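Understanding the architecture of this molecule
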Amino acid sequence: MNKLPLRAWRSTTSEPSLRRCVSKIGGGSASATNLLPHEKRRLDTRESSTGVAACPHLAEQEDAANASRIHATSEWQNALPYNQIPGPKPIPILGNTWRLMPIIGQYTISDVANISSLLHERYGRIVRFGGLIGRPDLLFIYDADEIEKCYRSEGPTPFRPSMPSLVKYKSVVRKDFFGELGGVVGVHGEPWRQFRSRVQKPVLQLSTIRRYLQPLEVITDDFLVRCESLLDENEELPEDFDNEIHKWSLECIGRVALDTRLGCLESNLTPDSEPQQIIDAAKYALRNVATLELKAPYWRYFPTPLWTRYVKNMNFFVGVCMKYIQSATERLKTQDPSLRAGEPSLVEKVIMSEKDEKIATIMALDLILVGIDTISMAVCSMLYQLATRPVEQQKVHEELKRLLPDPNTPLTIPLLDQMHHLKAFIKEVFRMYSTVIGNGRTLQEDSVICGYQVPKGVQAVFPTIVTGNMEEYVTDAATFRPERWLKPQHGGVPGKLHPFASLPYGYGARMCLGRRFADLEMQILLAKLLRNYKLEYNHKPLDYAVTFMYAPDGPLRFKMTRV
Ligand code: HEM
């Protein structure tokens, strides 16, 4: 049986289970104080004397004008002062930081998920978690209307605090390489807007996405062949099957961002082969960045061994990106343009439009940095839900059998468009078990939220995993029901579904850049898998845990049989 996430969280709110979580997370696999785990964001430590982070990108004069405009509104004047927002009270000197300390504290700083759930139960729809030494206040918002309001008023350069180690790497250690072109991850204000506007169109264009259907299908076929070869005598996949899912997602992102087949799905890779080194580097990044940023942040002051290794690892990724983007540029130069047929690849589009291969290299690096773990953790969750929900699996299988009577039929976009149930299943897993447990914004203007005056610089947290499971916003929220996402003509059931309660890819100008690729990759994998195989899970039920992201915690020993 699957646990319902909200209940599961509630049941883990006692101190011992929190501690259990602490030690697991302390091992370096957890997300941070931030709520966007795949960026491993941490709070911006540039803060004012009030403990509130200042956004460095706002001109002071503009700030003052905005502030007085907002302060003149009746909404602001009728709102309650910031310090009246409920929340755990800081104690002198230690503030609220003690609550996050091991042994004496109730919470762990790396356990935002549980903190978030606990705070909501205790304090209500808006909670101030302030007094964090060296950090701005966190403002947890559990009201979907207010979340909508925040997103809709965020302006052209939304500020999502990002991983400080990457910021230092890009802006200090390798300033020689990045210069003014930081990319999108960990970059803010005008530099972010400029870079994003240069790459957003080719990345999100439907013609680009369509072009990758066939190449990603080939990779997925190879993956399924590999899965078959890994089955044991009980037709079960190995304990470390999640590693195989990582390899699949790495191979997919290599095809999209580097225009190449990396070879990660080959069997018998030698330790010094490039694919194995790439797999190792991706694993290293997954396992150690959180430790670097949470457990051992001394690299901020001197280069620790972990930091040195991190820099080496990042240099390796940069080298890989440079190598493949250079090859693509060469191909473009030497190819006769009149012989070029069909839609150019993403990399080709960016190189041709920007006339600067560095933009393509930095884009590729960003896509790789955030496009491996997010999608692989989401797939682990999808497969576990399918394997443990045979009735739902059967519904998806029936749909696929109807659309693909011959299981070898190549996928097409019109076929994918008709896979309503499969897509609804994906949405429902995201709603109940949101892989990225939440999102957040550093407020760039004073705002009224839930009737309180909130100063700019506060970090608003939108805990999707909680709001997506609130009865107030979703009818019968504790029931897994993909049909809630379907239109009536496709078998949908009417009910409440607040559009801002479950936002797996965020929202607005800063929304996930890879979302269309993520959807495409997941749909291809599930369609190919469920058309041809039955998936079962016959072991001890797995709990979900917020390790790096919210995903089943344990060996995914699925039984995979041909149908
Ligand atoms: C199921 C998988 C994924 C989930 C749940 C996910 C979720 C998210 C979320 C919540 C954000 C923050 C959006 C915001 O601030 O409003 C984000 C940002 C981002 N994602 Fe994803 N993502 C996924 C897969 C991917 C993939 C496969 C790629 C690359 C191909 C990717 C690339 C990015 C990038 C580059 C950003 C930063 C955008 C920016 O700051 O401008 N993501 N993602």
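The shown structure was predicted, so the numbers you read here are calculated from the model rather than taken from an experiment.

This next bit is on the overall build of the protein chain. When helices and strands are counted, the protein chain shows 22 helices and ten strands. Here the analysis covers contacts within the protein chain between residues at least 6 apart in sequence; of these, 75% occur between residues at least 24 apart. Only carbon and sulfur atoms are counted for the fraction: they give 55% of the accessible area of the protein chain, which is about 23,100 Å².

Let us look at a nonpolar patch on the surface. There is a patch of nonpolar side chains on the surface, built from Tyr298, Tyr301 and Phe302 and spanning about 420 Å² of accessible area. With respect to the helices and strands, tyrosine 301 occurs in the loop between helix H13 (274-295) and helix H14 (305-334).

A few words on the side chain of asparagine 439. Topologically, asparagine 439 is positioned in strand S3 (residues 439-442). Take asparagine 439: its relative accessible area is 8%, and that puts it in the buried class.

This part takes up the packing of helix H18 (residues 390-403) against helix H22 (residues 515-532). Across the interface, H18 lies against H22 with an axial gap of 9 Å and an inter-helix angle of 90°. Taken together, the axes of H18 and H22 lie roughly perpendicular to each other. Residues Gln393, Val396, His397, Leu400 and Lys401 of H18 touch H22, and the partners they reach there are Leu526, Ala527, Leu530 and Arg531. Here the contact of H18 with H22 is built from residues that sort into five nonpolar, two polar and two charged.

Our focus in this paragraph is the coordination of the iron atom of the ligand. By definition of the ideal shapes, a tetrahedral metal site with four donors has angles of 109.5 degrees and an octahedral site with six donors has angles of 90 or 180 degrees. Exactly one donor from the protein chain reaches the iron atom of the ligand: Cys512 (SG), at 2.3 Å. Inspection of the secondary structure puts cysteine 512 in the loop between helix H21 (464-467) and H22.

Another aspect to go through is the pattern of salt bridges. Taken as a whole and assessed by the stated rule, the structure comprises 29 salt bridges. Note that arginine 125 is salt-bridged to aspartate 143, the shortest N-O span being 2.3 Å. Here arginine 125 is found in the loop between helix H5 (112-123) and strand S1 (126-129), whereas its partner aspartate 143 is found in the loop between strand S2 (138-141) and helix H6 (144-152), with 18 residues between them in sequence. Aspartate 366 serves as the salt-bridge partner of lysine 170, at 2.9 Å between the closest nitrogen and oxygen. Note that lysine 170 is positioned in helix H7 (residues 164-173) and aspartate 366 in helix H16 (residues 357-371), a separation of 196 residues in sequence. Exposure class is identical for lysine 170 and aspartate 366. Each is buried.

All right, on to the site of the ligand then. Neighbouring the ligand are 28 residues; Arg160, Arg196, Arg441, Arg510 and Cys512 lie closest to it. Elements with a contribution of two residues or more to the shell around the ligand: helix H9 (189-204), H16, helix H17 (373-388) and S3. Of the residues that constitute the shell around the ligand, the class distribution is 17 nonpolar, six polar and five charged.

Given a rise of 1.5 Å per residue, 13 residues ought to cover 18 Å, and the 18 Å separating the end C-alpha atoms of helix H20 (residues 420-432) matches this to within 8%. With ten of 13 residues buried, H20 lies mostly within the body of the structure. Listed in full, the buried residues belonging to H20 are His421, Leu422, Ala424, Phe425, Ile426, Glu428, Val429, Phe430, Arg431 and Met432.

Taking every second residue as pointing to the same face, both faces of S2 are buried, with Leu138 and Phe140 on one and Leu139 and Ile141 on the other. Direction of pairing for S1 relative to S2: antiparallel, over a ladder of four bridges. If you follow valine 127 over to S2, its bridge partner there is phenylalanine 140. Pairing between S2 and strand S6 (residues 459-462): three bridges, direction parallel. From the neighbouring strand, leucine 138 faces S6, where its bridge partner is glutamine 459.

Within the fold, glutamate 428 resides in helix H20. Residue glutamate 428 is classed as buried on the basis of its relative accessible area of 0%. Among the polar contacts made by the side chain of glutamate 428, one reaches the side chain of arginine 431 at a distance of 2.9 Å. In contact with glutamate 428, other than residues within four places in its own chain, are Thr479, Phe480, Arg481, Pro482, Arg484 and Trp485.

Another point: the UniProt feature "binding site: heme" (unreviewed entry) in the protein chain. Mapped onto this structure's residue numbering, the UniProt feature "binding site: heme" (unreviewed entry) falls at Cys512. Residues within four places of cysteine 512 in sequence aside, it is in contact with Arg196 and Tyr505.

Before going further, it helps to spend a moment on the sheet that holds S1. Pairing in this open sheet of four strands is mixed, and the strands run S1-S2-S6-S3 from one edge to the other. The open sheet has two free edges, formed respectively by S1 and S3, since each of these has just one partner strand. Averaged over all adjacent pairs, the angle separating strand axes in this sheet is 20°, with direction ignored.

Within the chain, glutamate 235 stands out as a residue other than glycine whose phi angle is a positive 60°. Position of glutamate 235 among the secondary structure elements: in the loop between helix H11 (213-230) and helix H12 (241-257). By relative accessible area, which is 34% here, glutamate 235 ends up partly exposed. The phi torsion at aspartate 476 lies on the positive side, around 50°, for a residue other than glycine.

The next subject is the nonpolar core. Counting residues in each nonpolar core, the largest one holds 134 residues, and the members touching the most others are Trp248, Leu383, Met419 and Phe558. The greatest single-element share of this core, amounting to twelve residues, is contributed by H14. If we ignore the near neighbours within four places in the chain, the residues touching tryptophan 248 are Ile219, Thr220, Phe223, Leu265, Ile375, Val379, Glu521 and Leu525. Residues Ile126, Leu139, Ile141 and Tyr151 belong to the second largest nonpolar core, which totals 18 residues.

In this section: the packing of H20 against H22. One can describe the packing of H20 onto H22 by two numbers: an axis separation of 10 Å at closest approach and a directional angle of 115°. H22 is crossed by H20, and the crossing has right-handed handedness. Across the interface between the two elements, Leu422, Lys423, Ile426 and Phe430 from H20 touch Met522, Gln523, Leu526 and Ala527 from H22. Partitioning the contact of H20 with H22 into residue classes produces six nonpolar, one polar and one charged.

Before going further, it helps to examine the packing of aromatic side chains. What the rule picks out here adds up to 22 aromatic pairs. With a centroid separation of 5.4 Å and 55° between ring planes, the pair formed by tyrosine 151 and tyrosine 507 is classed as tilted. Placement of tyrosine 151 in helix H6 and of tyrosine 507 in the loop between H21 and H22 is noted, with a sequence separation of 356 residues between them. Taking relative accessible area as the criterion, tyrosine 507 reaches 23% and is therefore assigned partly exposed. Seen in terms of ring centroids, tyrosine 212 and phenylalanine 517 are 5.5 Å apart; in terms of plane orientation they differ by 75°. Their pairing is edge-to-face. Separated by 305 residues along the polypeptide, tyrosine 212 in the loop between helix H10 (206-211) and H11 and phenylalanine 517 in helix H22 bring together distant segments of the chain. Of the two residues, tyrosine 212 and phenylalanine 517, both sit in the buried class. Taken together, the aromatic side chains of Phe223, Phe241, Trp248, Tyr384, Tyr433, Tyr537, Tyr544, Tyr550 and Phe558 make up a single cluster linked through ring pairs. Positioned above the aromatic ring of phenylalanine 177, the side-chain terminus of lysine 358 is 4.8 Å from the ring centre. Taking NZ or CZ as reference, arginine 389 lies 4.0 Å from the ring centre of phenylalanine 480, over its face.

Procedures and definitions
Within every chain, residues take consecutive numbers counted from 1 along the sequence as written. Predicted model: local features are reported for residues with pLDDT of at least 70 only, side-chain atom pairs are reported and counted for 80 or more only, and whole-chain, interface and lining totals are derived from all residues. With hydrogens and water stripped out, all remaining heavy atoms of the structure feed into the side-chain values. Helix and strand assignments follow DSSP, with helices taken as H or I runs no shorter than four residues and strands as E runs no shorter than two, numbered in order from the N terminus. It only takes one pair of heavy atoms within 4.5 Å for two residues to be counted as in contact. Residue burial considers only the protein chains on display, and all accessible areas are found by Shrake-Rupley using a 1.4 Å probe. Each patch is built from salt-bridge-free residues with over 30% relative accessible area, joining like charges within 9 Å and nonpolar side chains (Val, Leu, Ile, Met, Phe, Trp, Tyr) within 5 Å. Within this document, salt bridges are pairs made up of a side-chain nitrogen of Lys or Arg and a carboxyl oxygen of Asp or Glu, the two lying within 4 Å of each other. Between buried and exposed lies partly exposed: a residue is buried under 20% and exposed over 50% of the maximum accessible area for its type, with that area taken using a 1.4 Å probe on protein chains only. Axes, fitted as lines to C-alpha atoms, cover a helix only where it is in contact. Angles between the N-to-C directions of the axes lie from 0 to 180 degrees. Orientation labels follow simple angle bins: below 35 degrees gives roughly parallel, above 145 gives roughly antiparallel, 65 to 115 gives roughly perpendicular, and whatever is left gives oblique. When residues are grouped by polarity, Ala, Val, Leu, Ile, Met, Phe, Trp, Tyr, Cys and Pro land in nonpolar, Asp, Glu, Lys and Arg in charged, and all others, Gly among them, in polar. Any N, O or S atom lying within 2.8 Å of the metal counts as a donor, with the limit raised to 3.2 Å for Na, K and Ca; because water is left out of the atom set, some sites can appear incomplete. In these notes, residues near a molecule or strand are those with any non-hydrogen atom within 4 Å of it. For a helix, the expected span equals 1.5 Å multiplied by the residue count minus one. We call two strands paired when DSSP finds no fewer than two bridges between them. Pairs of N or O atoms are called polar contacts if they sit within 3.5 Å, as long as, within protein, a hydrogen donor faces a hydrogen acceptor (for residues adjacent in sequence, only side-chain-to-side-chain pairs). UniProt positions are given in the numbering used here, feature names are shortened, and annotations may be inferred rather than shown by experiment. To qualify as a nonpolar core, a set must consist of buried Ala, Val, Leu, Ile, Met, Phe, Trp, Tyr and Cys residues joined through side-chain atoms within 4.5 Å. Crossing handedness is read from the near helix: turned anticlockwise from the far helix by less than a right angle, it gives a left-handed crossing, and turned clockwise, a right-handed one. Any pair of Phe, Tyr and Trp rings, taking the six-membered ring for Trp, is counted once the centres come within 6.5 Å. Such a pair is stacked with planes under 30 degrees apart, edge-to-face with planes over 60 apart, and tilted for the rest. Should the NZ of a Lys or the CZ of an Arg lie within 6 Å of a ring centre and within 35 degrees of the ring normal, that charge is described as sitting over the ring.

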